[in-house]
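# Structural features, examined
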Amino acid sequence: MSYLHTLLFGLYPYLAGSVFLIGSLMRFDHGQYTWKTGSSQMLSSKRMRWASPLFHVGILVIFFGHLVGLLTPHWMYEPFISAGNKQVMAILVGGIAGVMCLVGGTMLLIRRLTDPRVKATSSTMDNLILLLLVLQVALGLLTIPAAMQHLDGGVMVRLAQWAQAIVFFKGNAAAHLVGLSWIYHVHIFIGLTIVLIFPFTRLVHAWSAPLGYLGRRYQIVRRRA
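Predicted, not measured: the structure shown is a model, and the values here were computed from it.

Bringing the packing of aromatic side chains into the picture now. All chains considered together, the criterion is met by six aromatic pairs. By the ring-pair criterion, three or more aromatic residues cluster together here, those being Phe-20, Phe-198 and Trp-207.

Chain-level statistics for the protein give a pLDDT mean of 88 and a share of 88% at 70 or above. The least confident element of the protein, judged by mean pLDDT, is helix H5 (residues 116-121) at 82; the most confident is helix H8 (residues 182-197) at 96.

Moving on, we get to unusual backbone geometry. If you check the backbone angles, Phe-169 has positive phi at about 55 degrees while not being a glycine. If you check the backbone angles, Asn-172 has positive phi at about 60 degrees while not being a glycine. Assignment of secondary structure puts Asn-172 in the loop between helix H7 (154-167) and H8.

Right, let's talk about the pattern of salt bridges for a bit. Under the definition given, this model contains one salt bridge. With a closest N to O distance of 3.1 Å, Arg-202 and Asp-126 form a salt bridge. One end of the pair, Arg-202, is in the segment after H8; the other, Asp-126, is in helix H6 (residues 124-148), and 76 residues separate them in sequence. Of the two residues, Arg-202 and Asp-126, both sit in the buried class.

Analysis parameters
Residues numbered from 1 in each chain as written. Predicted model: local features only at pLDDT ≥ 70, side-chain atom pairs only at ≥ 80, totals over all residues. Heavy atoms only, no water. Phe/Tyr/Trp six-rings, centres within 6.5 Å; stacked < 30°, edge-to-face > 60°. pLDDT = per-residue confidence, 0-100. Helix = DSSP H or I, 4+ residues; strand = E, 2+ residues; numbered from the N terminus. Salt bridge = Lys/Arg side-chain N within 4 Å of Asp/Glu carboxyl O. Buried < 20%, exposed > 50% of the residue type's maximum accessible area, 1.4 Å probe, protein only.

Written out as structure tokens, the structure reads:
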């Protein structure tokens, strides 16, 4: 195992995670006026009717699918579903969500780069993070052909072991990725880079998801005349 491999997949995840947590806390503490979605829908609603729901629903399914799929120990789901069947389910659900996210994200990116009003108010980081997200989803979809060649679930288990070794501070995490296809390595690296720059982008609004609205009492904002 090379030093570069250990650096990228054994040490870089901790750098990205540290910046993610500390940077988010510092931005919330020192830059609350920038803690917002920066929505451009009021400037132009063109393509937003389809693009935004497709992108957000797709990316939420992908995020929670990765979170549960990678961090759930194999012994917890083994009595109910085999690793191979779990991989097939991940390919189907992740593939559908990935296509939704890719289509919506591409539409949003084209809108941000071509609509004069939206382009004028977009920062370099706005364009960069959206480009990286679209690229990451495309890479994720490109892992499907590689995954179809080993439906026994073995590679998926190794990816989960890597993620769990990182999150639970186990040693030699990078060893789990040795010998895997290059597409997995690039996909992981871009994902870690998105985590790294997260605090410096509009993605911080994900911390403030308005979950309280789901359980609050009904409110009358305006009465009919």
